[in-house]
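Summary of the model geometry
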Amino acid sequence: MSINVNPKKTILVIGGDTGGHLYPAIAVADYLSGGFEPFFFIGSRAVVKDIADKKGLRYYIIEGCAFPKLNILKYPVFIIRNISGFIKAWIRISEIKPD
């Protein structure tokens with residue numbers, strides 16, 4: 001099933017790295033893929049790569065990590081990785097220029 005829309009629109013779908021986030025995002029991509037080109041997908045783990053390759057979606061891997069609840073020694077890594085991921089995501093979105 002697809003939706004008929006203006007083919008000049010650029011769509012960016014961002015999904016998480018678990019099935020509960022990734023597969024709904026893929027379902028949206030499948031639904032919209034008939035009317036949009038180009039179509040980009042952003043995720044944070046290699047799982048995204050495997051699934052996006054199978055679906056033929058263009059994708060980018062953006063690093064990030066979960067908040068370290070109990071181990072304060074991991075806070076600097078958390079901060080650095082997430083700031084880095086934010087900057088990379090901002091750059092990709094600026095390059096893709098989604099509608």
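Residues numbered from 1 in each chain as written. Predicted model: local features only at pLDDT ≥ 70, side-chain atom pairs only at ≥ 80, totals over all residues. Heavy atoms only, no water.

1. A few points about the pattern of salt bridges
- The tally for this structure, following the rule as stated, stands at 2 salt bridges.
- Glutamate 63 serves as the salt-bridge partner of arginine 81, at 2.8 Å between the closest nitrogen and oxygen. Separated by 18 residues along the polypeptide, arginine 81 in helix H3 (residues 75–96) and glutamate 63 in the loop between strand S3 (58–61) and H3 bring together distant segments of the chain.
- For arginine 81, a relative accessible area of 33% gives the class partly exposed.
- For the salt bridge of arginine 92 with glutamate 95, the shortest nitrogen-to-oxygen distance reads 3.1 Å. Residue arginine 92 and its partner glutamate 95 are both found in helix H3; the two are separated by 3 residues, about one turn of the helix.
- On the basis of relative accessibility, which here comes to 29%, the residue arginine 92 falls in the partly exposed class. (Salt bridge = Lys/Arg side-chain N within 4 Å of Asp/Glu carboxyl O. Helix = DSSP H or I, 4+ residues; strand = E, 2+ residues; numbered from the N terminus. Buried < 20%, exposed > 50% of the residue type's maximum accessible area, 1.4 Å probe, protein only.)

2. Digging into the environment of arginine 92
- Residues arginine 92 and tyrosine 60, spaced 32 residues apart in sequence, show a C-alpha to C-alpha distance of 8.2 Å.
- Arginine 92 has contacts with Ile42, Tyr60 and Ile62, leaving out every residue within four places of it along the chain. (Contact = heavy atoms within 4.5 Å.)

3. Quick look at the nonpolar core
- Judged by nonpolar contacts, Leu22, Ile26, Ala29, Val48, Ile51, Ala52 and Leu57 together constitute the single largest core of 7 residues.
- Of all the elements in the fold, those that place two or more residues in this core are helix H1 (19–32) and helix H2 (46–55). (Core = buried A, V, L, I, M, F, W, Y, C linked by side-chain atoms within 4.5 Å.)

4. Remarks on the packing of aromatic side chains
- Tallied over the full model, the rule gives 3 aromatic pairs.
- Measuring from ring centre to ring centre gives 5.2 Å for phenylalanine 67 and phenylalanine 78, while their planes differ by 90°; the resulting arrangement is edge-to-face. Taken as a pair, phenylalanine 67 in the loop between S3 and H3 and phenylalanine 78 in helix H3 lie far apart in primary sequence, 11 residues in all. (Phe/Tyr/Trp six-rings, centres within 6.5 Å; stacked < 30°, edge-to-face > 60°.)

5. Things to note about a nonpolar patch on the surface
- A grouping of Ile79, Ile83, Phe86, Ile87, Trp90 and Ile91 is seen on the molecular surface, where their side chains present a nonpolar patch of about 650 Å² in accessible area.
- In this fold, isoleucine 87 is placed in helix H3.
- A relative accessible area of 45% places isoleucine 87 in the partly exposed class. (Patch = residues over 30% accessible without salt bridge, like charges linked within 9 Å, V, L, I, M, F, W, Y side chains within 5 Å. Areas by Shrake-Rupley, 256 points an atom, 1.4 Å probe, with all protein chains shown as cover.)

6. Digging into H3
- Helix length check: H3, at 22 residues, gives a terminal C-alpha distance of 31 Å against a target of 32 Å (1.5 Å per residue), a fit within 8%.
- In the segment just after H3, lysine 97 is the residue with positive phi, at about 55°. (Expected span 1.5 Å × (residues − 1).)

7. Description of the environment of isoleucine 83
- Position of isoleucine 83 among the secondary structure elements: in helix H3.
- Here the alpha-carbon distance between isoleucine 83 and glycine 64, two residues 19 residues apart in the chain, equals 8.3 Å.

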